[in-house]
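Residues per chain, in single letters:
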Amino acid sequence: MAIVIAGISITRFPESKNPHAENATLEVLYPLDNVDAPKFNRKAAGKTTSTPFGKDPIAINASYAHVLIDTGAFVGDRAYDLKFEFSEKTFENEVIQLIPLDPDLKKHFHDSLGG
């Protein structure tokens, strides 16, 4: 299943108890929905990168995320297939590979990653 990825975010808290721990997530586009609840109303159209209430962001392996950003291989707002694997380090399923669908983007990935 292909998904449009708007961006990659890597966060770290240098002054925490574990200053080197990083959390990397994919910023994906979600549809904006109308909401008509007693305490909240929203009229909406379009898409957002805000993770919907009750959902978790999609985790990506932080080391892989650094490679994608540092090499310039990642191109935002494009469709990718995702390969997941369970991480014993983070104890969650995380993306370990982005697979571009567009032929030009595949070539860009290949060239950027030195493959």
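All of these numbers come straight from a predicted model, not from anything done at the bench.

**Re the nonpolar core**
Alright, step 1. Counting residues in hydrophobic clusters, the biggest one holds 20 residues, and the most contacted among them are I5, I8, L26, I60, L68, L98 and F109.
Alright, step 2. Breaking this core down by element, the ones donating at least two residues are β1 (3–12), β2 (22–28), α1 (62–71), β9 (92–100) and α2 (103–112).
Alright, step 3. Ranked by the residues each element gives to this core, the list is headed by α1, at four residues.
Alright, step 4. If sequence neighbours within four positions are ignored, F109 has contacts with Y64, L68, A73, F74, Y80, L98 and P100.

**Description of the side chain of S87**
Alright, step 1. Tracing the backbone shows S87 in strand β8 (residues 78–87).
Alright, step 2. Given a relative accessible area of 10%, S87 falls into the buried group.
Alright, step 3. When residues no more than four places from it in sequence are discounted, the contact partners of S87 are E92 and E94.

**Examining the layout of surface pockets**
Alright, step 1. If you add up the space inside the largest pocket, you get close to 260 Å³.
Alright, step 2. Around the largest pocket, the lining is made up of 16 residues, and of these E22, A62, K89, T90 and E94 lie nearest the centre.
Alright, step 3. For the lining of the largest pocket, the secondary-structure elements that each account for two or more residues are β2, α1 and β9.
Alright, step 4. For the lining of the largest pocket, the residue count by class is five nonpolar, seven polar and four charged.
Alright, step 5. A class-by-class count of the residues in the lining of the second largest pocket yields five nonpolar, three polar and two charged.

**Quick notes on α2**
Alright, step 1. The opening residue of α2 is D102, an N-cap whose side-chain oxygen sits 2.9 Å from the backbone nitrogen of D104.
Alright, step 2. Within two residues after α2, G114 carries a phi angle of roughly 70 degrees, on the positive side.

**Thoughts on the sheet that holds β9**
Alright, step 1. Taken in spatial order, the five strands of this open sheet run β7-β2-β1-β8-β9, and their pairing is antiparallel. Pairing within the sheet leaves two strands with one partner each, and these edge strands are β7 (58–59) and β9.
Alright, step 2. Inspection of the sheet shows β1 paired to β8 by three bridges, in the antiparallel sense. Residue pairing in the sheet places V4 in a bridge with A79 of β8.

**Considerations on the pattern of salt bridges**
Alright, step 1. Using the criterion set out here, one finds two salt bridges in the structure.
Alright, step 2. As a salt-bridge pair, D102 and R78 come within 3.2 Å of each other at their nearest N and O atoms. Taken together, the residues span a long stretch of sequence, with D102 in the loop between β9 and α2 and R78 in strand β8 at a distance of 24 residues.
Alright, step 3. Taking the relative accessible area as the measure of exposure, R78 reaches 29% and is therefore partly exposed.
Alright, step 4. For the salt bridge of K107 with D111, the shortest nitrogen-to-oxygen distance reads 2.7 Å. With K107 and D111 both in helix α2, this residue pair falls four residues apart, about one helical turn.
Alright, step 5. Residue classification places K107 among the exposed positions, given a relative accessible area of 52%.
Alright, step 6. Accessibility expressed as a relative area gives 46% for D111, which makes it partly exposed.

Cut-off values and rules
- Residues numbered from 1 in each chain as written.
- Predicted model: local features only at pLDDT ≥ 70, side-chain atom pairs only at ≥ 80, totals over all residues.
- Heavy atoms only, no water.
- Core = buried A, V, L, I, M, F, W, Y, C linked by side-chain atoms within 4.5 Å.
- Buried < 20%, exposed > 50% of the residue type's maximum accessible area, 1.4 Å probe, protein only.
- Helix = DSSP H or I, 4+ residues; strand = E, 2+ residues; numbered from the N terminus.
- Contact = heavy atoms within 4.5 Å.
- 1 Å grid on protein atoms, 1.4 Å probe; cavity = no way out; pocket = protein on both sides within 12 Å on 5 of 7 lines; lining within 4 Å.
- Points joined across faces, edges and corners; volume = space filled by probe spheres on them.
- Nonpolar A, V, L, I, M, F, W, Y, C, P; charged D, E, K, R; others polar.
- Polar contact = N/O pair within 3.5 Å; in protein donor to acceptor, adjacent residues only side chain to side chain.
- Pairing = 2+ DSSP bridges.
- Salt bridge = Lys/Arg side-chain N within 4 Å of Asp/Glu carboxyl O.

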